[in-house]
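# An overview of the molecular structure
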Amino acid sequence: MKRFTLPRTRVAAAVSVLSIALATGCSDGGSDSADGDKGAGTKETAAAAKSLSDAELDKLIIATGDAEGYDVTPATESDAFASSKEEVKVVDEKCAPIAYVLTGFAPGDSTAYVNRQALPTPTEVEPSASSSKSLDDLTEEDLQDASDALTDALGSTMTIVSLSSYEGEGAQETLASVSDAVEGCAGGFTATAGAETQKFTKVAPGKSSGSGDESVAFAVTVDAEGTEAVVKGEVVRHGSTVATYYSISLAAFSGEPGAGSTDYEIPAEIVKAQAAKLG
């Protein structure tokens, strides 16, 4: 699906590990509605909250060791859909907040923004006897083992975590705009950046984690060059700071029949770890 698929990231994950320890799930406190829990925060609280700088957000965003079982690195920019938020154009403006999340940018007019990429930590695997064999000497069992290892790697979930900061009631207004987009863009939308075009065919409410002052979750069906795949997103407000998460099942973009399954979630460990750092 154009560069939005982050193909180099997917291939690197597939060939650099023999087995991936998966850890996904939902927070028990989540709401089934796209609006999440909007009763926990007030406009007065949001307005009084201090906006943060890029440097301050850098200290607050998750790092390796914060979420057990995950390696956290700077998000790759080599396969970004656009080089800047201003490049992303959405025909239906109300759908723009979701488009921004899915193309790697802050959902609202933030004063600061940082992001990271989280992947399951590769497990330590002892070299097999087949690893020293030539291709001609591999048995059917060896080939099956290799196929299973690749399936495990592609079965992992990549998550992009970002933090953005807002002045006044900007964070609360951003959450409201995302909630409105989930409700108003059910039939999908199209985003463009220069010569690149990406079609999102469906937007559906997701199960919110219930963390922060308020949260909105959603699932978006993507037209990945003729193959439909689903990505998961959540936007959470913590005072004047907004945390966004979107997860991609790497198998969904492998081109295999039935690989676009929706049977995965944004890893709860990552959401909980980020919420803990934000206090």
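Right, let's walk through the structure included here. (Residues numbered from 1 in each chain as written. Predicted model: local features only at pLDDT ≥ 70, side-chain atom pairs only at ≥ 80, totals over all residues. Heavy atoms only, no water.)

The next subject is the pairing of strand E4 (residues 157–165). Two faces make up the sheet, and in a regular strand the side chains alternate between them. Buried residues dominate E4, accounting for nine of its nine residues. Of the two faces of E4, both are covered, the one formed by Thr157, Thr159, Val161, Leu163 and Ser165 as well as the one formed by Met158, Ile160, Ser162 and Ser164. Note that strand E3 (residues 112–120) and E4 share seven bridges and pair antiparallel. Among the inter-strand pairings, Ala112 is bridged to a residue of E4, identified as Ser165. Where E4 and strand E9 (residues 241–249) come together, nine bridges link them in antiparallel fashion. Residue pairing for E9: Leu163 is matched across the bridge by Ala243. (Buried < 20%, exposed > 50% of the residue type's maximum accessible area, 1.4 Å probe, protein only. Helix = DSSP H or I, 4+ residues; strand = E, 2+ residues; numbered from the N terminus. Pairing = 2+ DSSP bridges.)

If you trace the backbone, Arg237 turns up in strand E8 (residues 227–238). Polar contacts involving the side chain of Arg237 include one to the main-chain carbonyl oxygen of Gly239, which spans 3.1 Å. (Polar contact = N/O pair within 3.5 Å; in protein donor to acceptor, adjacent residues only side chain to side chain.)

This brings us to the nonpolar core. In this structure, Val88, Val90, Ile98, Leu102, Phe189, Phe218 and Val220 are the most contacted members of the largest nonpolar core, which totals 40 residues. Elements supplying a minimum of two residues to this core: helix H4 (96–102), E4, helix H6 (170–184), strand E5 (189–193), strand E6 (196–205), strand E7 (214–224), E8 and E9. It is H4 that contributes the most residues to this core, six residues altogether. The contacts of Val220, once residues within four sequence positions are left out, are Ile98, Leu102, Phe200, Lys202, Val203, Ala229, Val230 and Val231. Membership of the second largest hydrophobic core comes to 20 residues, among which are Leu52, Ile61, Val236 and Ala273. (Core = buried A, V, L, I, M, F, W, Y, C linked by side-chain atoms within 4.5 Å. Contact = heavy atoms within 4.5 Å.)

By themselves, these observations are geometric and do not establish any function.
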